[in-house]
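# Chain and residue survey
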Amino acid sequence: MVTDKEIALIQTSFEKIRPISAKAAELFYANLFTMDPSLRHLFKKDMAEQGKMLMSVLSSAVRGLSNIDELVPVLSELGKRHAGYGVIDTHYLTVGAALIRTLEQGLSDEFTTEVRDAWCAAYELIADVMQTGAQEAIERKAA
Ligand code: HEM
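Residues numbered from 1 in each chain as written. Predicted model: local features only at pLDDT ≥ 70, side-chain atom pairs only at ≥ 80, totals over all residues.

## Focus: the overall build of the protein chain
Where we set the bar: Every helix listed is a DSSP run of H or I at least four residues long, and every strand listed is a run of E at least two residues long, numbered separately from the N terminus. Both definitions apply: the radius of gyration is a C-alpha atom measure, and the globule rule equals 2.2 Å times residues to the power 0.38. Exposure criterion: with C-beta atoms placed from backbone coordinates, a residue whose C-beta has 20 or more other C-beta atoms within 10 Å is buried, one with 12 or fewer is exposed, and one in between is partly exposed. Once C-beta atoms are placed from the backbone, any two residues with those atoms within 7 Å are in contact.
A count of helical and extended segments in the protein chain gives 6 helices and 0 strands. For the protein chain, the α and β elements follow one another from N to C terminus as α-α-α-α-α-α. Computed over its C-alpha atoms, the radius of gyration of the protein chain comes to 15 Å, within 12% of the 15 Å expected for a compact globule of 143 residues. Overall, the protein chain is about 50 × 35 × 20 Å in size when its C-alpha atoms are taken along their principal axes. Put simply, the protein chain has 143 residues, and 24% of those count as buried. Sequence-distant contacts in the protein chain: of pairs separated by 6 or more residues, those separated by 24 or more amount to 84%.

## Focus: the site of the ligand
As a reminder of what qualifies: Only the C-beta atom, placed from the backbone, is used; a residue is near a molecule or strand if that atom lies within 6 Å of it. Gly falls in the polar group here, along with every residue not listed as nonpolar (Ala, Val, Leu, Ile, Met, Phe, Trp, Tyr, Cys, Pro) or charged (Asp, Glu, Lys, Arg).
Taken together, 21 residues sit near the ligand, with L42, K44, K45, H91 and V95 positioned nearest. The element that contributes the greatest number of residues to the shell around the ligand is helix 3 (residues 47-64), accounting for 5 residues. The residue makeup of the shell around the ligand, split by class, is 15 nonpolar, 3 polar and 3 charged.

## Structural notes on the nonpolar core
The test is simple: Here a nonpolar core is just a set of buried residues of the types Ala, Val, Leu, Ile, Met, Phe, Trp, Tyr and Cys, joined wherever their C-beta atoms sit within 7 Å.
If you look at the biggest cluster of nonpolar residues, it comprises 27 residues, and the most contacted ones within it are I10, L65, A122 and I126. Breaking this core down by element, the ones donating at least two residues are helix 1 (4-17), helix 2 (21-35), helix 3, helix 5 (89-107) and helix 6 (113-142). When residues in this core are grouped by element, the largest group, 8 residues, is from helix 6. In this structure, I126 is in contact with A61 and L75, ignoring residues within four places of it in sequence.

## Describing the environment of I88
One can find I88 in the loop between helix 4 (68-84) and helix 5. Residue classification places I88 among the exposed residues on the basis of 10 C-beta atoms within 10 Å.

## Here's the deal with the packing of helix 1 against helix 6
What counts, and what does not: All axes are obtained by fitting lines to C-alpha atoms, using only the stretch in contact for helices, and the reported angles, taken between N-to-C directions, cover 0 to 180 degrees. Here the angle decides the label: under 35 degrees means roughly parallel, over 145 means roughly antiparallel, 65 to 115 means roughly perpendicular, and every other value means oblique.
At a closest axis distance of 9 Å, the pairing of helix 1 and helix 6 adopts a crossing angle of 100°. The orientation of helix 1 with respect to helix 6, classified from their angle, is roughly perpendicular. Counting all contacts with helix 1, which are made through E6, L9, I10 and S13, the residues of helix 6 involved are E114, V115, A118, W119, A121 and A122. Among the residues forming the contact of helix 1 with helix 6, the class breakdown is 7 nonpolar, 1 polar and 2 charged.

## Comments concerning the confidence of the model for the protein chain
What counts here: As a per-residue measure, pLDDT reflects the predictor's confidence and takes values from 0 up to 100.
Of the residues in the protein chain, 100% have a pLDDT of 70 or more, and the chain-wide mean is 92. When pLDDT is averaged over each element of the protein chain, helix 5 comes out on top at 96 and helix 3 at the bottom at 84.

## Here we look at unusual backbone geometry
Of note, S108 is a non-glycine position whose phi angle comes to about 35°, a positive value. Using a count of 8 C-beta atoms within 10 Å as the deciding quantity, one classes S108 as exposed.

## Looking at helix 1
Under the convention used in this document: The span you would expect from a helix comes to 1.5 Å times its residue count less one. Directions from the helix axis toward the C-beta atoms define the arc.
Taking 1.5 Å as the rise per residue, helix 1 with 14 residues should run 20 Å; its terminal C-alpha atoms sit 20 Å apart, in good agreement. For helix 1, the complete set of buried residues consists of E6, I7, L9, I10, S13 and F14. All buried residues of helix 1 fall inside an arc of 160° around its axis, so they share one side. Away from its buried face by more than 90 degrees, helix 1 exposes D4, K5, T12 and E15. Summarising the contacts, the buried residues of helix 1 are in contact with helix 3, helix 5 and helix 6.

Right, here's the structure in full:
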C-alpha cells in the first residue's frame, strides 16, 4: 500500500529526475552492473534505448500510482515479459537497490528518509505486481 502522501513525495522527486533522465538511466545501469555484473548478459538491446524505455515506464508507473487498478494489468504483463527475459525474483531486489542508489545520487540532499521510504514502498508494490504476473505465466505454462 502506497499512501497519498508517499505518492506526492514520489511524484515531486521524480519531476526533479525527469530533466536528467538519460543520465539517470545511465547511472542506474552502472549501479546495477556494479552490484551484480552477471545481470549484464540479460540485456541484449542498446543500453541508451533500454534506459529510455525504463524511464518512460517508470514515469507512467509514478503517474499511475494513484490509480493502481489501471496500473496492475500493465505491470502484470510487463512482469510476464520479464520472466521471458530470464529475470527471476531475486533480481528484483538488486534492481530495487540500484534504483534507490540512483535516486540518492540524483537527488542528493533532497533524498530524505521520507522520500526514500516512499520510493521503497512504491518499488515494492511495482515489483510485487510484476512478480505475481510472471508467476501466473509460469503456472499457466505448467498447467
Ligand atoms: C520496476 C521494475 C522494472 C521496470 C519498470 C522495467 C522496465 C522495463 C521495460 C519497459 C523494458 C522494455 C521491454 C518491455 O516492455 O517488455 C524492460 C526490459 C528488460 N528488463 Fe526491465 N524493468 C523492471 C525490472 C527489471 C528487473 C528486476 C530486471 C532484472 C535484471 C530487468 C531486466 C530487463 C531485461 C533483461 C530486459 C530486456 C532487455 C533486452 O531485450 O535487451 N528489469 N524492462
